[in-house]
Each structure stands twice: as structure tokens, then as C-alpha cells.
Number of protein chains: 2
Amino acid sequence: MALFEKRTEFISPGVLAKVLYDFTAEPGNNELTVKEGELITIVNWAVGEGWCEAANGQGTTGLVPTDYVEVRISYHRYRCLASFPTACPARTTLPIRALACRDNRTQHPIQHCEGLSPDTKKFPTFSKHGPEVYLLSKLLPKTGEQLTIYKGQVGAVWNYPNSSLSCVVADPKKGSKLYGLKSYIEYQVTPNSTNRSVNHRYKHFDWLYERLLVKFGSAIPIPSLPDKQVTGRFEEEFIKMRMERLQGWMNRMCHHPVVSTSDLFQLFLTYRDEKEWKLGKRKAEKDDVVGVMIFGTVEPPAEDIDLLEAEQKVESISKFTKSMDDGVKELLNVGQEHWKRCTGALPKEYQKIGKALQNLSQVFTTSGYEGEAILTDALTEAGKTYEEIANLFEEQPKKDLHYLMETNQEYKGLLGCFPDIIGVHKSAIEKAKEGDKLVALNKITTQEKSTMVNRIGTMSYAFQAEMNHFHSNRIYDFNTVMHYYLQQQVEFYDTVR
Amino acid sequence: MALFEKRTEFISPGVLAKVLYDFTAEPGNNELTVKEGELITIVNWAVGEGWCEAANGQGTTGLVPTDYVEVRISYHRYRCLASFPTACPARTTLPIRALACRDNRTQHPIQHCEGLSPDTKKFPTFSKHGPEVYLLSKLLPKTGEQLTIYKGQVGAVWNYPNSSLSCVVADPKKGSKLYGLKSYIEYQVTPNSTNRSVNHRYKHFDWLYERLLVKFGSAIPIPSLPDKQVTGRFEEEFIKMRMERLQGWMNRMCHHPVVSTSDLFQLFLTYRDEKEWKLGKRKAEKDDVVGVMIFGTVEPPAEDIDLLEAEQKVESISKFTKSMDDGVKELLNVGQEHWKRCTGALPKEYQKIGKALQNLSQVFTTSGYEGEAILTDALTEAGKTYEEIANLFEEQPKKDLHYLMETNQEYKGLLGCFPDIIGVHKSAIEKAKEGDKLVALNKITTQEKSTMVNRIGTMSYAFQAEMNHFHSNRIYDFNTVMHYYLQQQVEFYDTVR
């Protein structure tokens, strides 16, 4: 089952790591002094003999023992085997700690999120205007926002920023206001761009999600936040799980070239004080380059794209995302079923067999017959081994299936955004197809009709760029998660035997 | 989990083997010419370089390629680790072929035998007389039958015959009588003592069982025959399964020093023609050394055993066999449950995961994105691997759990005989305890009372011999089956990974 080759030397340069223990450099040894809790950037993971090269916030580099460092993005141990557009920094974070579901230990926690598919949470602002607002707009926004697309190896691709943004969501702390009447959890968010932490409550993440959806939701899938649970939200397990899912969500946003470079997202990550935050919020809420108008900030393609071509492209994306949605949901269903069995009935059976063997061994010791010891020892030993296998089976899904489920869950969220996006594109194309009729009825000019067709071209171009981003991420994510899953399974069966 | 050491050199001398292909000895090479189908006896399994030493029916020995030989009793590969009374040839046969249950593939076939515990099948002759028939008998039978017991290392042990009896049940053939109106299956039974086959129908085995029960049932557990199924009894799977269970039953009888040397059993194995068989049957049915009278053929112990001691011994045997019965039934229950899961729900789930991964791979090939091949290949490969794991899980129980279940099933049968045996001993002791009262009432003489006590001593002595036989077999059987089971499990997990 060696589908992937394990290559620990391939932790990408630039990956953020957390220092676990204080380490004082020995002078003249090219070492770097680091403090517990400090965030550093890996420069070269595989210096050898247990050392890696890292950079601190001041840009000083030096050697640090790898054991002193926790690479939060454990996936990076496995280099993606797929070929990427050169500039694509697509990446997924795997939460390192295994999570157990509080309410029902035999269920993978994804079920808690069932009610949260994006279509249950529509924003009035999001679909207030039809596509003609953009298609027939006389003046496109001049806000300095400009979404650049260039023609890469795979076709249209977003312009990826030179340095890769990432952030760490950590240290959930209980806070309170109104003299202790209202409690909340505050998370520390640290981007690698500033290495400076900002604090955010869940409702701030929620605000960010809503604004991103309003602004980019016509062009880019903005997946829902993890479950907005009300009861039990101060339970440690829940807080951990939410934190790791917020981390996953933030990673996806950080790695999106359009989202990550937006004022909105930058505000969230880098505001300096309460005043700046409030001011930024107010400005964002007044922003009118939202919905279909976002296409007005996209640099138009060099060549024309005709309506038929645009229509066929939307159709094929629709078909693909629907099929993938079905596939992902199927995998989640069988995974959920398997999770239940592996953590429920199966280990219980192994335990029972173990107990039955040990009971029999106990009975045998009472026979009064000589030469019993070897057999009873063997039976007891076999019984204990079965109990160990029971535990291994019970713990295993948290070590591997969990990540396969989480990744598929993330994709279920992303794929749930496509029907809306596809709807926007389809109704825009329908509108443009009526162009000749509208000209005949004197409702629009020939010039306006031709502008509509051009703008459909721009929308199609943006959609291609987004799909290429989606595909490269998808290939990377599934490669890594499959690799990790199979690797863990091999280790599991090695342990069992 | 290496509880036992694999020692293939330890196929015991004396094990019967079947020649698979013709082999012609090269002159001067110390080889033995053998014919396909011939039964030979292993003298030394581990001559080396693929050769074993064997003896043919004429007593000629020589080398034969091990590959040309099928050791029917696969258990013998693993030498028993328990210490035996030197003369004990205790042995269990494991059917080599795996069996599937026709009616419900997710159930281990043991359930078909549920209705067949010995207590549902009482014989009137068996408990017609109370123990006083023997205890107060003036003249003990003088039939030439004499059951010798000697004091071995572990206490009283039966006198084991010098050469170990075994037989092969094979080649089930359909026969008919009454001009084809009645069909039946005839099995070929070949004992190693004559190397000559006799044919027997299931009803002959049943006759043998009934007669053994009548004759020895007060002193020796005679387990029931495998299920007497009426419908579907000509189905190939059923015939195979029945044959293997008949083989197991015959092995147990062959290895019992009292049963195997009895005229009854010898008649069954070695009759020369129909006339001899019918004559022998009539004689056996007229035999009146049955039930408690069998103790009249037992050589009395050298020392007296007092009533209290005899009573305590019966009590402790009763306790042990009851606990073991519970333990064995528990193991059968959890094993049955595990069998269902391993052959039903679990592989279905692995299949589903495999299918889900392959579906996703199929969807991904339609993306039109470059660099997809490595991922889709990996997903398809992983999907196929899961389907293979599904098959492995499904087939595994037939390779290991099956034998653990069969052995425990055999012991369930044996243990089911003990309540009757214990009942005989207890009521005999009760009778003897009334001795003084009976003397006072002038119902028996002092001489008769003392004879009763002596005869209780003989019964107790015989019971000890039987228990020592039981224990040594038990230790051997459980050691081998556990060893085999764990060995198979290790190989299983090796294959999965």
C-alpha cells in the first residue's frame, strides 16, 4: 500500500512552527536562541542530525533542535506529489491533536455541523441585485482594488502574492464583559506577516465570514464557519475542536490569493487597536463593491470569450462540482458508519473475546492438573492482547479517519457554495443572451450589448481562475490526506500484529 | 504476540498422511515408492531439504518428498507445549479446508447443531438401572474386558495402547437402495491399524454413538455426533462439513484408550464383510456390560478411597466442568458475534469505502485539470486496496476463528456429558452413604456395605483416570488451537498491511 513515499525532508521552507521549550544557542555554533511559545519560520527542516534551520521574528536565522519545535501543519511532512501552478501556495492544515466527540463517542463530530451548510444562511445583500447591476453598469468601481489574472500553464490563474500568508489560531481564553454577566471565549490569532497576535471572539470570525460572503460570494466559494453551537460552548473538548476548525478555515482563507490580500481580511489579522478595528468594520460594512460588482475589479482578459463558450464552461463546472459533492458526501457517509463501528461494536467484541479467553484461563487454573501453567499463561496473554487490539481499534479513527473526514467535510462546505456562484454566472449569461432582443426593443444600445458580452468574458475568466485555484488545492489536499491516512493505517496494522 | 514458537519439525512420528502424487524411488537413494491416494505413516518429518521419512502399509520405510504428502492433521505441525502423561496420545484433528455455511454466510455453522446437545437425546437403557446394580452386584462380569488403570505422574491414568489409533474419513459417495428410491451418503473410513477401508453411512455412525453411550456413558463423556440434518443433506458443502466433523468425532474416539480398544469400536473400523458387521451389531446390542456395570470391568485401586474423598472429588469435578462449560459457551457466543461482524458488516464497509474512493477518483478524472493522474491513480489504488481488505476480512474467520469455534464446540459437546456422569457418581455415593442404615435395617450385610464402599473407590479411580485423560487432551487441544489461531491472525495482519 505504499502509494506515497514518505519524505520527511520535505517540510516546505516558510512553514510556521511553535517553539516548545527554551533553547539557548551555544556561541559560535550557528545556533538560534528561542523561547518557549515563540513562533519561528522553518528555513530548512532537514539540516540533519536532529537540527533544523529557522528564522525568528527579527529575521535572524540559526539552528534549532527539531525536537524543540512543533510544526503545526503536520501535513507538510509529506510533499504533495501533484504538479502545481508554480505560484500556488495551496495548503491544508491538519489539526495535530485527535478530537473526541463529547456527546457520543462513537460518532465522528462532523454530525454536529449538519445544520450549517451555506445555503441555510443566505444574506439579503448577497443576492439583492441581479447580474445586470454589473453587466450594464456605466462606471466600474475605482477603488484601487484590482484583481489580476494571468495566463498560466493551466489557463487563467489568480495573481498569487509573493509571500505565503499563514496564521496560528491558539490559546483560547475565557473573557467576560458587563461585569461578568456575559462570558465568551477569545482566541489568539497570529499571522506570519506581522508575527503579532490579535484577539478575536467567535462572533468576530462570524462577522468576517459574513462580510467575505457579501463581498466575494459571487465569485469565490466562502465556506461556512464551524458550527455555531450555543450549549456546551465552554467545554474544553468543544473549544479545542472549534479552535482547530477555525484554524482550518483561516488557513483556507489565508491561502486564497484574493481573500488573503483583501483589506477586509488584512484588517481582521492586523488591526492595532480597538479603534482601528471599529473604524475598519464600519468601512467594510459600507463597502459597495460587493456581490456581482466584484467582477468590476477583475482585469478583463486579453481575448474575447463568446457566450456559448462561457455557457459550456459553467455547465461543465456545474457538472463537476455536483458529482464531487455527491462523491464527498458518500465518503462522509461510509466514513461515519465506519467510525461508529470502529469505535463502538468492534472494540467491544475484541474486549469480549479477550475477557472470554481470560475467563477460560481462570477456570483452567482451578483444574488441579499439572502442567497447566503454559496454557493458562498463553490464554491470559492472548486475552490481554485482544483487549489491547480493542483499544487500538477504538483509538485508530481519531488518528487517521478523522483527518479524511475533516478534509471531506471542508470540501462539502466549499462545494455547497457552488450552486450560488453557478446561479450568478448562469443568470448573467441568460441576461447577455437577451442582448439582441433588448437592443431591438430599444431597451439597451448596441454598445451596451457588446459591453455585456465582454463582461461575461471577464466573469468567465475569473471563474476559470477560481476553478484552477480550487483544483490545485483539491489535488494537494486529497493527495496529502490520502497519504497521511494510508500511512497511519500501515502503522496501525504494524502495531496490531 | 509470539506466544508459541513455530516448530514445523515437530510433526509427531506416527501421524497419518495421504500421498498426493505417484512417486517412484530412485534405487540406492533410500527412497520409498508411493502411489497417489496411499496412506503412509510419518516416521520423521524433518529429514531436511524437502524430504520426510515415512512407512507404508507393509512396514517398509524410506524417503518421500514432503510436497507429495498431505498431512491431514494440520495441527500436528505445532507440538503441544503441555506436559503429557507419557503414554497419552491425545490429539485433535483440525479440518484443513475452510467451511462456509450455506444458509447464512454470516453465521458460523455451529448454530446448526444447537438442538443436538446430548441431554436432549437420552437412552432408556442408559439410566434404566440405579448405581446399586453395580454396587450390590454379587458377581462382576467376566467377559475378558478389563479396564486397567495405573498410577502415573498425575495420579490415576488409563492404560494407553502402545500404538496410536487414527483413521481417515474420506470420499463421501452417494449410494441408493430400494431400486433408487432411497439415497444416502456413504463415507470411506480407513484406520491406520489395517490401512483397509470400510464404508459407513451416517446412520452407522449414529448406531455406534448410541452403543458407545449405552456402554460407556456412565464413565466416559461420549459427545454427540454432528448435526443430524435431514433437508439439504446431499448438498456438497453440507456433506463436506459433516465429513470433517465426523472426522473430528472419530479422532476423539480413536484417541480414547477405553473406547478405541473396545470390541464395539473395533467392529466399526475393521469389519470384513456384511455378515461380520451384522453379527457384531447383534452381539453389541445384546451386551449387558453397559451403564454402571462398566465399572465392574475396572481394575480396583490398590488403596482404599473413602466416601468423603470420593464425594469431594466429584464435587470439584462438577465445579470445574460447569465453569468450563460456561467459559466455552461464552467464547462461542462472542465468537459467533465476531464471526457475523467479520463476514458481514465490516467487509461491506471496507467495500463501500473502496467504492467511494474509486467514485471520487472517477469524478476527478473529469475535472479537465492537468496533473490529475497521480491523484486519481492513488485514489483508485487505495479504493482497490480497501476492496481487497474487505475480502481478507471476509475470508479470515474461515481460516482461524473457525477452528477456535470448532474446538470449543467439541468441548461444549463433551462438557454436556458431564452432568449425567456426575449424576451417576453422586447417586452411587449417596447409596453407599446409606450403607450403615441399610445394615441396621438388615437390608444388606456388613460385607455388602464394605463391598459398596470399595466399589465407590473403583468408580472414583475410574473417574480420576477419565479426568486426567480429559485434562491432557484439553491442554493439548487449547494450546494447539490458540497457537494456530494467533499464528493465523499474525499472518492476516501481515497480509493486510
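You'll find chain A entered in an unreviewed UniProt entry as Sorting nexin 9, with Callorhinchus milii given as the organism. The heading Subcellular location (unreviewed entry) in the UniProt record of chain A holds the text "Cytoplasmic vesicle membrane". The UniProt entry for chain A carries the following comment under Sequence similarities (unreviewed entry): "Belongs to the sorting nexin family."

Chemist: Could you clarify how one ought to interpret the overall build of chain A in this entry?
Modeler: Looking only at helices and strands, chain A features 13 helices and 10 strands. Out of the 497 residues belonging to chain A, those deemed buried represent 55%. When contacts within chain A are restricted to residue pairs at least 6 apart in sequence, those whose partners lie at least 24 apart make up 73%. For chain A, the accessible area works out to roughly 22200 Å², and carbon and sulfur atoms hold 49% of it.

Chemist: Explanation requested: the sheet that holds strand β9 (residues 182–191) of chain A in the structure shown.
Modeler: Remark on secondary structure: sheet strands pair via backbone hydrogen bonds, oriented parallel or antiparallel. Residue and element names in this part refer to chain A. One open sheet accounts for three strands, arranged β8-β9-β10; its pairing is antiparallel. Edge positions in the sheet fall to β8 (167–177) and β10 (198–201), since each of these pairs with one other strand and no more. Pairwise comparison of adjacent strand axes, ignoring direction, gives a mean angle of 35 degrees for this sheet. Against the sheet, helix α5 (residues 263–270) contacts β8, β9 and β10, and its axis sits at roughly 105 degrees relative to β10.

Chemist: I tried to follow unusual backbone geometry on my own but got confused; where do I start?
Modeler: The phi torsion of most residues other than glycine is negative, and most of the peptide bonds are trans. Residues and elements named next belong to chain A. For N195, which is not glycine, the phi torsion reads 55 degrees and is therefore positive. Position of N195 relative to the elements: it lies in the loop between β9 and β10. At N442, a position not held by glycine, the phi torsion is positive, near 65 degrees. Among the secondary structure elements, N442 is positioned in the loop between α12 (435–440) and α13 (446–496).

Chemist: Can you walk me through the relation of the copies chain A and chain B in this structure?
Modeler: The relation between the two copies of this chain is a rotation about an axis and a shift parallel to it. When chain A is fitted to chain B, the best match, at an RMSD of 0.2 Å, comes from turning it 180 degrees and sliding it 0.1 Å along the axis. The transformation relating the two chain copies, once decomposed into turn and shift, fits a two-fold axis. If distances are taken from each C-alpha of chain A to the rotation axis, the shortest is found for Y493 of chain A, at 3.0 Å. In this assembly the copies share their binding face: 100% of the residues contributing to the interface of chain A also contribute to that of chain B.

Chemist: Looking at this structure, I do not really get the confidence of the model for chain A. What am I missing?
Modeler: Atomic detail in the predicted coordinates should be set aside for any region of low pLDDT. Residue and element names in this part refer to chain A. Looking at chain A, the pLDDT average stands at 80 and 81% of residues meet or exceed 70. Looking across chain A, the model is least confident in strand β2 (residues 39–48), with a mean pLDDT of 73, and most confident in α5, with 96. Throughout residues 1–10 the model reports pLDDT below 50, and contacts reaching past four residues in sequence, or to other chains, amount to 26 contacts. Interface scoring of the predicted complex returns ipTM 0.70; its pTM is 0.67.

Chemist: Can you walk me through the packing of aromatic side chains in this structure?
Modeler: Each aromatic ring pair is summarised here by two numbers: the centre-to-centre distance and the angle between the ring planes. Residue and element names in this part refer to chain A. Inspection of every chain in the model, using the stated rule, returns 32 aromatic pairs over all chains. Ring pairs connect the aromatic residues Y187, F205, W207, F268, Y271 and W277, which therefore count as one cluster. Here the guanidinium or amino end of R201 rests over the ring plane of Y184, the centre of that ring lying 4.0 Å away. Over the face of the ring belonging to Y134 we find R455, whose NZ or CZ atom lies 5.5 Å from the ring centre.

Chemist: Any chance you could explain the interface of chain A and chain B here in plain terms?
Modeler: Often, the extent of an interface is quoted as the loss of accessible area on bringing the components together. Each side of the interface is counted separately: chain A has 64 residues, and chain B has 65 residues. Regarding the contact of chain A and chain B, the summed buried area is about 6100 Å², with carbon and sulfur atoms giving 68% of it. Inspection of the region where chain A meets chain B yields six salt bridges. Note that E337 of chain A is salt-bridged to K352 of chain B, the shortest N-O span being 3.4 Å. The interface formed by chain A and chain B holds 10 residue pairs in polar contact (both at pLDDT 80 or more) in total. At the level of secondary structure, the elements contributing two or more residues to the side of chain A that touches chain B comprise α7 (307–343), α8 (345–365), α9 (373–399) and α13 of chain A. Per element, the largest residue contribution to the side of chain A that touches chain B is 14 residues, and it comes from α13 of chain A.

Chemist: Before we go on, may I ask you to explain the sheet that holds strand β9 (residues 182–191) of chain B in this structure?
Modeler: Residues and elements named next belong to chain B. Read from one edge to the other, the open sheet built from three strands follows the order β8-β9-β10, with strand pairing classed as antiparallel. Each edge of the open sheet carries a strand with a single partner, namely β8 (167–177) and β10 (198–201). Each strand of the sheet is rotated relative to its neighbour by a mean of 35 degrees, with strand direction disregarded. When β8 meets β9, the two strands line up antiparallel, connected through nine bridges. Considered in β9, the bridge of A170 is made with Q188. Packed onto the sheet, helix α5 (residues 263–270) meets β8, β9 and β10 and runs at close to 105 degrees relative to β10.

Chemist: What am I meant to see in the pairing of strand β6 (residues 149–152) of chain B here?
Modeler: Side chains on a regular strand alternate between the two faces of the sheet. Residues and elements named next belong to chain B. Direction of pairing for β6 relative to strand β7 (residues 155–158): antiparallel, over a ladder of four bridges. When the bridges of β7 are listed, Y150 appears paired with V157. Counting the residues that bridge the hairpin from β6 to β7 gives two residues.

Chemist: What should I look at first to understand the pattern of salt bridges in this one?
Modeler: Side chains that differ in charge, positive against negative, can pair when their charged atoms come close. For the structure shown, the criterion picks out 36 salt bridges over all chains. Notably, a salt bridge pairs D477 of chain A with R252 of chain A, separated by 2.8 Å at the nearest N-O pair. Of this pair, D477 of chain A sits in helix α13 while R252 of chain A sits in helix α3 (residues 236–254); the two residues are 225 residues apart in sequence, bridging distant segments of the chain. Residue D477 of chain A shares its accessibility class with R252 of chain A, and that shared class is buried. Here K283 of chain B and D263 of chain B are joined by a salt bridge, their closest N and O atoms 4.0 Å apart. Of this pair, K283 of chain B sits in helix α6 (residues 274–286) while D263 of chain B sits in helix α5, and the two are 20 residues apart along the sequence. Per residue, the accessibility class of K283 of chain B equals that of D263 of chain B, and both read exposed. A network of salt bridges, in which partner residues are shared, links E145, K215 and D287 of chain A.

Chemist: Any chance you could explain the packing of α3 of chain A against α5 of chain A here in plain terms?
Modeler: Residues and elements named next belong to chain A. At a minimum axis distance of 12 Å, the contact between α3 and α5 shows a crossing angle of 135 degrees. For the element pair α3 / α5, the angle class is oblique. The crossing of α3 and α5 is left-handed. Counted together, M250, M253 and C254 of α3 and F265, F268 and L269 of α5 form the full contact between these two elements.

Chemist: Would you take a moment to explain the state of the cysteines for this structure?
Modeler: Simply put, disulfide is the name for a covalent bond between the sulfur atoms of two cysteines. Residues and elements named next belong to chain B. All chains considered together, the criterion is met by zero disulfides over all chains. Unpaired in this structure, C254 has its nearest cysteine sulfur neighbour in C167, at a distance of 3.9 Å. Overall, the relative accessible area of 3% leaves C254 in the buried class.

Chemist: Help me understand the side chain of K215 of chain A, please; the structure alone is not making it clear to me.
Modeler: Along the chain, K215 of chain A turns up in helix α2 (residues 202–216). Of the polar contacts made by the side chain of K215 of chain A, one reaches the side chain of D287 of chain A; its length is 2.8 Å.

Chemist: Please explain the packing of α2 of chain A against α3 of chain A as it appears in this structure.
Modeler: Between two packed helices, what matters for the description is the angle formed by their axes and the separation of those axes. Residues and elements named next belong to chain A. Contact pair α2 / α3: the axes reach a minimum separation of 12 Å and the direction vectors enclose 30 degrees. Overall, the two elements α2 and α3 adopt an arrangement that is roughly parallel. Viewed along their axes, α2 and α3 form a crossing whose handedness is left-handed. Within the contact between the two elements, α2 uses Y202, F205, L208, Y209 and L212 and α3 uses R242, L246, W249, M250 and M253.

Rules used throughout
Residues numbered from 1 in each chain as written. Chains lettered and ligands numbered in written order. Predicted model: local features only at pLDDT ≥ 70, side-chain atom pairs only at ≥ 80, totals over all residues. Heavy atoms only, no water. UniProt positions renumbered as here; feature names shortened; annotations may be inferred. Helix = DSSP H or I, 4+ residues; strand = E, 2+ residues; numbered from the N terminus. Buried < 20%, exposed > 50% of the residue type's maximum accessible area, 1.4 Å probe, protein only. Contact = heavy atoms within 4.5 Å. Areas by Shrake-Rupley, 256 points an atom, 1.4 Å probe, with all protein chains shown as cover. Pairing = 2+ DSSP bridges. Axes fitted to C-alpha atoms, helices over the stretch in contact; angles between N-to-C directions. Least-squares fit on C-alpha atoms with pLDDT ≥ 70 in both. pLDDT = per-residue confidence, 0-100. Phe/Tyr/Trp six-rings, centres within 6.5 Å; stacked < 30°, edge-to-face > 60°. Lys NZ or Arg CZ within 6 Å of the ring centre and 35° of its normal. Buried area = accessible area lost by both parts, 1.4 Å probe. Salt bridge = Lys/Arg side-chain N within 4 Å of Asp/Glu carboxyl O. Polar contact = N/O pair within 3.5 Å; in protein donor to acceptor, adjacent residues only side chain to side chain. Parallel < 35°, antiparallel > 145°, perpendicular 65-115°, else oblique. Left-handed = near helix turned anticlockwise from the far one by under 90°. Disulfide = S-S within 2.5 Å.

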